Amino acid sequence: MTDHKPLSTTKATNGNDLTSAFDALMLGHQSGLLIDQEPIIKDLKQQAVAHFVAQGLPTIKHEEWKYTSTKAFTALGAEAFVPTPNSVVPQAQAIADYAAPTIVLVDGQPILNGADPYSKLDLGKGIRVTAFSQTDAAQVELVAKYLGTLAPAESDPFVALNTASFQDGLLIEASKNAVSDAVLHIVHQYTGAAKLAYTRILLVVDQHAELKLAHHIVGNPDGENAAFGVLITEAIVAPDAILKVDIVEEAINTHLVTGWYATQGDKSVTTHSTIYLDGPWVRNNLNLAIPGQYAEGNMYGLYLGSDRNLIDNHTLVDHIAPNSNSNELYKGVAKDRSTAIFNGKIFVKQAAQKTNAFQSNRNLILSDDATVNTKPQLEIFADDVKCSHGATTGALDEEPIFYLRARGLDEDQARSLLLQAFADEVNDYLISDSLRAIASAAVERFLH
Amino acid sequence: MGKENAVLEELTSTEYKYGFTTDIEADEAPMGLSEDIVRFISAKKNEPEWMLEWRLKAYRQWLLMPEPKWANVQYPKIDFQAVKYYSAPVQKKTLNSLDEIDPELRATFEKLGISLDEQKRLTGVAVDAVIDSVSIATTFKTKLAELGIIFCSMSEAVKEHPDLVRKYLGTVVPSTDNYFAALNCAVFSDGSFVYIPKGVRCPMELSTYFRINAANTGQFERTLIIAEEGSYVSYLEGCTAPMRDENQLHAAIVELIAQKDSYIKYSTVQNWYPGDKNGKGGIYNFVTKRGICNGDNSKISWTQVETGSAVTWKYPSVILKGDNSVGEFYSVAVTNNMQQADTGTKMIHIGKNTKSRIVSKGISAGRSQNSYRGLVKVMKRAENARNFSQCDSLLMGDQCGAHTFPYIEVQNKSSKVEHEATTSKIGEDQLFYCNQRGISTEDAVALIVNGYAKEVLNQLPMEFAVEAQKLLAISLEGSVG
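In this convention, every chain numbers its residues from 1, walking through the sequence in written order. All chains are assigned letters beginning with A, and all ligands numbers beginning with 1, in the order in which they are written. Totals for whole chains, interfaces and linings use every residue, but because this is a predicted model, local features are given only for residues with pLDDT of at least 70 and side-chain atom pairs only at 80 or more, for both listing and counting.

## Quick word on the overall build of chain B
Moving on, step 1. Helix and strand assignments come from DSSP, with helices taken as H or I runs of at least 4 residues and strands as E runs of at least 2, each series counted from the N terminus. When its secondary structure is counted, chain B shows eleven helices and 24 strands.
Moving on, step 2. Each residue is classified by how many other C-beta atoms fall within 10 Å of its C-beta atom, where C-beta atoms are placed from the backbone; a count of 20 or more means buried, 12 or fewer means exposed, and values in between mean partly exposed. Put simply, chain B has 481 residues, and 56% of those count as buried.
Moving on, step 3. Sequence-distant contacts, at least 24 apart, represent 83% of the contacts inside chain B between residues at least 6 apart. In this description, a residue-residue contact is defined by the distance between C-beta atoms placed from the backbone, which must lie within 7 Å.

## Examining the nonpolar core
Nonpolar side chains tend toward joint burial in soluble globular proteins.
Moving on, step 1. Remark: nonpolar core denotes a set of buried Ala, Val, Leu, Ile, Met, Phe, Trp, Tyr and Cys residues whose joining runs through C-beta atoms within 7 Å. Core analysis: the largest hydrophobic core is formed by 240 residues, its most contacted members being L203, V205 and V348 of chain A together with V194 of chain B.
Moving on, step 2. Bear in mind that the domain bounds are from an automatic or database domain assignment. If you count residues domain by domain, this core takes at least three from each of domain 1 (7-290) and domain 2 (397-448) of chain A.
Moving on, step 3. When residues no more than four places from it in sequence are discounted, the contact partners of L203 of chain A are I172, L211, T233, A235, I236 and L243 of chain A.

## Here we look at helix α3 (residues 49-64) of chain B
An α-helix turns once every 3.6 residues. As a result, residues three or four positions apart point the same way.
All names here are of chain B.
Moving on, step 1. Its 16 residues give α3 an end-to-end C-alpha distance of 23 Å, which sits within 8% of 22 Å, the value for a rise of 1.5 Å per residue.
Moving on, step 2. If you check which residues of α3 are buried, you get R55, A58, Y59 and W62. Down the axis, α3 shows its buried residues gathered within 105 degrees of arc, on one side only. Along α3, the residues that are exposed and aim more than 90 degrees away from the buried face are E49, W50, E53 and L64.
Moving on, step 3. Check the buried side of α3 and you find it contacts α2 (35-44) and α8 (179-187). Multiplying 1.5 Å by the helix residue count minus one yields the expected span of that helix. Picture the helix axis, draw a direction to every C-beta atom, and the arc is the one those directions span.

## Topic: the interface of chain B and chain A
Moving on, step 1. At the junction of the two partners, chain B supplies 31 residues and chain A supplies 30 residues.
Moving on, step 2. Residue assignment for the side of chain B that touches chain A shows that the elements contributing at least two residues are β22 (386-396), β23 (401-410) and β24 (416-424) of chain B.
Moving on, step 3. With ten residues, the top contributor of residues to the side of chain B that touches chain A is β23 of chain B.
Moving on, step 4. When residue character is reported, Ala, Val, Leu, Ile, Met, Phe, Trp, Tyr, Cys and Pro are called nonpolar, Asp, Glu, Lys and Arg charged, and the others, Gly included, polar. Each residue belonging to the side of chain B that touches chain A can be placed in one class, and the counts come to ten nonpolar, 13 polar and eight charged.
Moving on, step 5. For two strands to count as paired, DSSP must find a minimum of two bridges between them. Of the pairings in the sheet, the one linking strand β18 (residues 371-380) of chain A to β23 of chain B comprises six bridges and is antiparallel in character. Bridged to E379 of chain A within β23 of chain B is H403 of chain B.

## Focus on the environment of Y86 of chain B
Moving on, step 1. Along the polypeptide, Y86 of chain B turns up in the loop between α3 and β2 (87-89).
Moving on, step 2. Classification of Y86 of chain B as buried rests on a count of 24 C-beta atoms within 10 Å.

## Re the domain arrangement of chain A
Residue and element names in this part refer to chain A.
Moving on, step 1. You can read the domains of chain A as domain 1 (7-290) and domain 2 (397-448).
Moving on, step 2. Contacts between the two partners involve 14 residues from domain 1 and, on the opposite side, ten residues from domain 2.
Moving on, step 3. Counting residues per element, the ones that place at least two in the side of domain 1 that touches domain 2 are β7 (210-219), β9 (242-252) and β11 (269-278).
Moving on, step 4. It is β11 that provides the largest number of residues to the side of domain 1 that touches domain 2, a total of four residues.
Moving on, step 5. Taken together, the residues of the side of domain 1 that touches domain 2 sort by class into seven nonpolar, four polar and three charged.

## Regarding unusual backbone geometry
Moving on, step 1. If you check the backbone angles, D336 of chain A has positive phi at about 50 degrees while not being a glycine.
Moving on, step 2. Turning to its location among the elements, D336 of chain A is positioned in the loop between β15 (325-334) and β16 (339-348).
Moving on, step 3. In the Ramachandran plot, N384 of chain B falls in the positive-phi region, its phi being about 55 degrees despite a non-glycine side chain.
Moving on, step 4. Tracing the backbone shows N384 of chain B in the loop between β21 (369-378) and β22.
Moving on, step 5. For N384 of chain B, a count of 15 C-beta atoms within 10 Å puts it in the partly exposed group.

## Structural notes on the pairing of strand β6 (residues 196-205) of chain A
On any regular strand, side chains alternate: one points to one face of the sheet, the next to the other face.
Residues and elements named next belong to chain A.
Moving on, step 1. For β6, the buried fraction is high: ten of the ten residues fall into the buried class.
Moving on, step 2. What you see with β6 is no split at all: L196, Y198, R200, L202 and V204 on one side and A197, T199, I201, L203 and V205 on the other are buried throughout.
Moving on, step 3. Here strand β4 (residues 170-174) pairs with β6 via five bridges, running parallel. Looking at the pairing, A174 lines up with V205 of β6.
Moving on, step 4. Direction of pairing for β6 relative to strand β8 (residues 227-237): parallel, over a ladder of ten bridges. Bridge pairing in β8 links Y198 to V230.

## Here we look at the packing of helix α8 (residues 411-427) of chain A against helix α9 (residues 433-446) of chain A
Helix packing for two helices is described by the angle between their axes and how far apart those axes are.
All names here are of chain A.
Moving on, step 1. Axis definition: a line fitted to C-alpha atoms, over the contacting stretch in the case of helices. Angles run 0 to 180 degrees between N-to-C directions. Relative to each other, α8 and α9 sit at 155 degrees, their axes nearing to 9 Å. Classified by the angle between their axes, α8 and α9 sit roughly antiparallel to one another. Pair α8 / α9 crosses with right-handed handedness. Residues S416, L419, Q420, A423 and N427 of α8 lie in contact with α9, whose contacting residues are R436, A439, S440, V443, E444 and F446.
Moving on, step 2. Here the contact of α8 with α9 is built from residues that sort into five nonpolar, four polar and two charged. Roughly parallel means an angle under 35 degrees; roughly antiparallel means over 145; roughly perpendicular covers 65 to 115; every other angle is labelled oblique. For a crossing to be left-handed, the near helix must be turned anticlockwise from the far one by less than a right angle; the clockwise case is right-handed.

## Examining the packing of helix α3 (residues 39-55) of chain A against helix α6 (residues 157-165) of chain A
Residue and element names in this part refer to chain A.
Moving on, step 1. Their axes nearest at 8 Å, the elements α3 and α6 cross at an angle of 145 degrees. Taken as a pair, α3 and α6 cross one another with a handedness that is left-handed. Between α3 and α6, the residues in contact are L44, K45, A48, V49, H51, F52 and Q55 and P157, A160, L161, T163 and A164, respectively.

## A closer look at the confidence of the model for chain A
Moving on, step 1. A residue's pLDDT is simply how confident the predictor is in it, with values from 0 to 100. The predicted model of chain A has a mean per-residue pLDDT of 88, with 90% of residues at 70 or higher.
Moving on, step 2. Counting interchain partners and residues more than four positions distant, the pLDDT-below-50 stretch residues 1-16 of chain A has 33 contacts.

## Topic: the environment of F388 of chain B
All names here are of chain B.
Moving on, step 1. Relative to the assigned elements, F388 resides in strand β22.
Moving on, step 2. Note: C-alpha distance between F388 and S267 (121 residues apart in sequence) is 20 Å.
Moving on, step 3. Beyond its immediate chain neighbours, meaning those up to four positions away, F388 contacts R357 and E418.

## A few points about the pairing of β8 of chain A
Residues and elements named next belong to chain A.
Moving on, step 1. Among the eleven residues that make up β8, eleven are buried, leaving the element largely enclosed by the rest of the structure.
Moving on, step 2. Taking every second residue as pointing to the same face, both faces of β8 are buried, with A227, G229, L231, T233, A235 and V237 on one and F228, V230, I232, E234 and I236 on the other.
Moving on, step 3. Both β8 and strand β10 (residues 254-264) contribute to a ladder of eleven bridges, which runs parallel. Directly across from G229, in β10, lies its bridge partner L256.

The following block contains the structure:
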């Protein structure tokens, strides 16, 4: 960072002066975590503070935030942006039985009882989960090498905020040729106690390895305070590796920003499914860079907007090298006064000849008070490619409803069945059986 | 591949056919922009006081506005003080007949293939010819006047029909609309004015031919078309400019007003000088075009063939206010060499049962960048609104880019909105199929490009379709085939 502005003179562009908060943060940034003792990480965090202060929170004048206001974050005030080092060990609420190895994060923090508590999880040979604060020397090196290399603090204020402020996080490794036996489930709970909670995850999937991961964001169902969460994940997928990730969002009482930043090596495959079921305000940023050849990236999404909720999905696929494929299918339903937003970017760089990139976004709008905004976007610089996108917005088709009613179903049953069919096209891609059941149940309930 | 390269090589070497200049004595404003220049233009045109006030208001607004940066185009910052805002061929006196037109001028238009001669009714098109800043001649005026149709230059309309101009000017594109619109409002020098009275079907195509001739000038014209209840008009617009090394600015406004049951069809063949193959020179084409379907059952249809200009920034739009109104946008945008185009449309659905259709075909070659940017907005009360959009891009060569930025905003549950886009190059299987049947690669490419653009070209009136096809041939096909 060459133009490192002094913090005391830089103000956030949104007019909300967060500088003093960050000055305080930098002076008192002594969390005592191993990760913070690493000079590289310390530098990273310091730069991130500068990046955040320089950018401020985005407003709706920002093209990427055209339809999504961050006012709720601004309203928190400067002191909410000062992370409090976790002096108390967070307590987890009871969780559902996922019939699979499960980790609980409370306000983004791993619950650490003793050294290396995750070694007992039955994940399969070569799959290892470690809290940043418990990493050994080799792992510290790994974290220092990759952390912050994919998620851009300089251009995304929420990444900057997370990078500057995360206290602890998870490093998940799949070593060479390791294959997940089971789907690792991570449950994200928010208490609202910390106001702004930061979750940071780093995935390193080595050659020929296969890793399966399922996030369940349950939000803050019992808490009194509204919670705010920023979850940033970086994933390095080596050549020939496979990574499958589910994320099911029931962000009750929680404002949530998620950022997924992955890079794929030659012949690797990633599948990422995002299911939004609940939450007052959720923004998902999915970023996939494909510098490898013959790689495949799959992105699936389903979002069910209800009440006054806002769900915003931004996806970006960057084809950098030749011969890779990407598929994207996002489906949305908006009822009540909800707002559903989809923005899908496909970039094909000049070198990325023979790219096939497909994107489809289908929306059902079920109320005149609901809003569906979509912006599929192709930017193509290579000529020998096949790229397409399609976007539709409309109501449930009357013809199949008539067909079903002619066969004895009542109107509600017919609509419900069609909606399930609409949603299952995405739900079927979920790798976690228990999360798929949760999503299906939510779809069934949706019209009642 | 070698063959294709040869084809592209040829393509890039095709010259701009309309690049000649005409040596006409011109009456020019001094270079630069200030309130005095705005007053100068207004005085030159013998405008009434209200018009001058309107211009000055727009100028003051323009001073406060920032230059837009959002378009996907790059160009050096425009020095608005290095432009002459008014240039007119010297006219000694008011013309009584077309015979009195400067023979040089007449020759210019003959060269462009436009007949200013009313006696030669072969083409059957009424033409308003605009050179640099002023309208030179309008043909078939008397015949149109018999039907109550007003077709004249904007400056004439300001004088002859001030009530109509005052009532409608700036109602669709207000002077605060955008940076270039505000600039145009301040300094516009001429343009065409069309008024079709109630129940009249305009018997011939109306056409304006724009030509930039003088160096260092900008062209800022304004077109206003009003179609009263139950009327119909088909309007054509064509443009060319000489080859010059420096960039020239063209910032126009077109406003269409369609009342109940009326239909306005607006076709453009834009062939401003695109600059040479290294991107030197060429026109900056920053145009605001918008129509309003004011009454029920009205229809506005935009068709554009964009082949020229160094930088194009243009979004012909329709506000579908009346119930059952229809908006259409058909576009072929060809960019070659260093050209950049950021073009598309906006369809704003306000009334019930409104329909819109968007067909956009982009062709990029050379090192050009071609973007489609469109907005489909369905407001809350627009019951049963329907939109279909298709935007396809064809890439020729690996140095060019094709981009799509469609915005779709829906707030009504009974509406149906569909959008699809594809990007690809000409399929090797398609070429192979043609080759197999004895069609050479060059002819096959020409055939495929023509077929690709056909859906849009078919929408053009006959006279224009021929010209557009020729143009495509000059811009791409001729060089390819």
